[in-house]
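Chains, contacts and geometry: an overview
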Amino acid sequence: MSEYQANRATPFEQFEMIDAIRRWQGDVLASLGFGPVESSYRFIASGPYWRLRDYGSPCQSRSVLIVAAPIKRAYIWDLIPPVSAIRRCLESGLRVYLLEWLPASEATCGIGIAECARAISVAMQTIGSDDSAQKPVLMGHSLGGTLAAIYAASAPEAAGGLILLSAPVCFKEGESLFRDALVSLVPTPVSHATPYPGSVLSQASAAASPVTFVWSRYLDAISCATDSIAMDVHGRIERWALDEVALPGELVSEIVEWLYREDRFYNGMLGLGERTIGLHDIETPTLAVVNTADLVAPLNSVRPLGEILGPGKFRIIRYGGERGVCLQHLGVLVGREAHAHVWPQIIDWIKGLESETRVRSQAS
């Protein structure tokens, strides 16, 4: 690139280069043995910005639709066998599907929250055509859980259950230091003409909460020095963290402005096409897992949903975090303690939904 061209480069062009460099660094880590070891799956449906994976199940009981977060790659759900959320579900006899988001292109920059909700709707309809006996359970981590909750509010009767893993559904000012710092760092409106580089959000997150996204990673690496398994997981998460994915500018703008700044979902003012929905529209039985060491999705970011649904339909599992997870926000997905103690409770909760379904069916 000439000096003239370099001077004309936009900030996004510079971040696109950073994205490429970070992905190259991730490929180097993968070549050293820190890549994911994923379960087999097949694609059964797709759209301009998404694809639906089917992992199958040897038992074919209730279906679970995992809604991946639009940031980075979906393989964090299936990193390696000992700490794979997908394998935990499969081993329990659940039929597992995963909705993954594709890297944004110029053709998909205008996709926003409403389009993501429609993608979840199509995925649910596809799953329903294979298994109509029981309603699928929706499950999501982080922003994937937020999108799952928004869909559940828009279609209260569609899902048999909702599982939120470190997934905020309300963004009240003053409840989360991460939320307050992020809205001050990410300007909006965002251009919808070009993809939004993932490294922009990565750097904004690091600036918003350096303890969460920078220092904790170094401290975690030190604490793993004498634990080869923990160090192996840590290295694979570092590889995942470098695997940047561009997002649609519209989606980034709506997430930051409508959710983080204006808290429209909690306030019942979130527009989806011709409809306006809010947290009060969720009627689905919900399980929320909260990592008390996580600043991104603290307890207060899900507590209001529990107040709406009441104890009969809402349960919280508190999890204290652990070493070896690199980023505490990911702990529930990749932590050994989480897989030993939290995931059995998640599976039991899903099976409890199955029991309730059978009782209602027999009563009717």
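These numbers were taken from a predicted model, which means no experiment stands behind them. (Residues numbered from 1 in each chain as written. Predicted model: local features only at pLDDT ≥ 70, side-chain atom pairs only at ≥ 80, totals over all residues. Heavy atoms only, no water.)

Turning to the packing of aromatic side chains, a few remarks are in order. The full count for this structure, using the stated rule, is four aromatic pairs. Seen from their ring centres, Phe171 and Tyr260 are 4.5 Å apart, and the 45 degrees between their planes marks the pair as tilted. Of this pair, Phe171 sits in the loop between strand 6 (161-165) and helix 6 (177-185) while Tyr260 sits in helix 10 (residues 249-261); the two residues are 89 residues apart in sequence, bridging distant segments of the chain. Considered together, Phe171 and Tyr260 belong to a single accessibility category, that of buried residues. (Phe/Tyr/Trp six-rings, centres within 6.5 Å; stacked < 30°, edge-to-face > 60°. Helix = DSSP H or I, 4+ residues; strand = E, 2+ residues; numbered from the N terminus. Buried < 20%, exposed > 50% of the residue type's maximum accessible area, 1.4 Å probe, protein only.)

Of note, the phi angle at Asp263 is positive, near 50 degrees, even though the residue is not glycine. One non-glycine residue, Cys326, lies in positive phi territory at about 65 degrees. Along the polypeptide, Cys326 turns up in the loop between strand 10 (314-319) and helix 12 (331-334).

Next up on the list: helix 6. Those residues of helix 6 that fall on the buried side of the exposure criterion are Phe178, Arg179, Ala181, Leu182 and Val183. Buried residues along helix 6 sit against helix 7 (198-208), helix 8 (210-223) and helix 10. (Contact = heavy atoms within 4.5 Å.)

Within strand 5 (residues 137-141), five of the five residues are buried, which leaves the element mostly enclosed by the surrounding structure. Of the two faces of strand 5, the one carrying Val137, Met139 and His141 and the one carrying Leu138 and Gly140 are both buried. Taken together, the four bridges between strand 3 (residues 63-67) and strand 5 define a ladder with parallel strand orientation. Within the sheet, the bridge partner assigned to Val67 lies in strand 5 and is Gly140. (Pairing = 2+ DSSP bridges.)

Turning our attention to the environment of Leu259. Here Leu259 shows up in helix 10. Separated by 90 residues in the primary sequence, Leu259 and Val169 have C-alpha atoms spaced 8.5 Å apart. With near-sequence residues (within four places) excluded, Leu259 lies in contact with Ile113, Thr146, Ile150, Phe171, Glu254 and Phe265.

Our next topic: the nonpolar core. In summary, soluble globular proteins display a tendency toward joint burial of nonpolar side chains. Of all hydrophobic cores here, the largest spans 113 residues; its most connected members are Leu65, Trp77, Met139 and Phe265. Top contributing element to this core by residue count: helix 4 (residues 113-130), with nine residues. Ignoring sequence-local partners within four residues, the contact set of Met139 consists of Val64, Leu65, Ile66, Val67, Trp77, Cys89, Ile163, Leu165, Trp343, Ile346 and Ile350. (Core = buried A, V, L, I, M, F, W, Y, C linked by side-chain atoms within 4.5 Å.)

With that out of the way, let us pick up the confidence of the model for the protein. Here the protein averages 88 in pLDDT, and 90% of its residues register 70 or above. The lowest-confidence element of the protein is helix 1 (residues 3-8), averaging 38 in pLDDT; the highest-confidence one is strand 6, averaging 98. Below a pLDDT of 50 lies the segment residues 1-9, which in the model reaches three contacts outside its immediate sequence neighbourhood of four places, other chains included. (pLDDT = per-residue confidence, 0-100.)

With that settled, consider the pattern of salt bridges. Using the criterion set out here, one finds 20 salt bridges in the structure. Across the pair Arg51 and Glu100 runs a salt bridge, and its minimum N-O distance is 3.3 Å. Taken together, the positions of Arg51 in strand 2 (residues 50-56) and Glu100 in strand 4 (residues 95-101) put the pair 49 residues apart, joining distant regions of the chain. Among the residues examined, Arg51 registers a relative accessible area of 31% and is labelled partly exposed. Overlapping salt bridges bring together Asp27, Arg73, Arg239 and Asp243 as one network. (Salt bridge = Lys/Arg side-chain N within 4 Å of Asp/Glu carboxyl O.)

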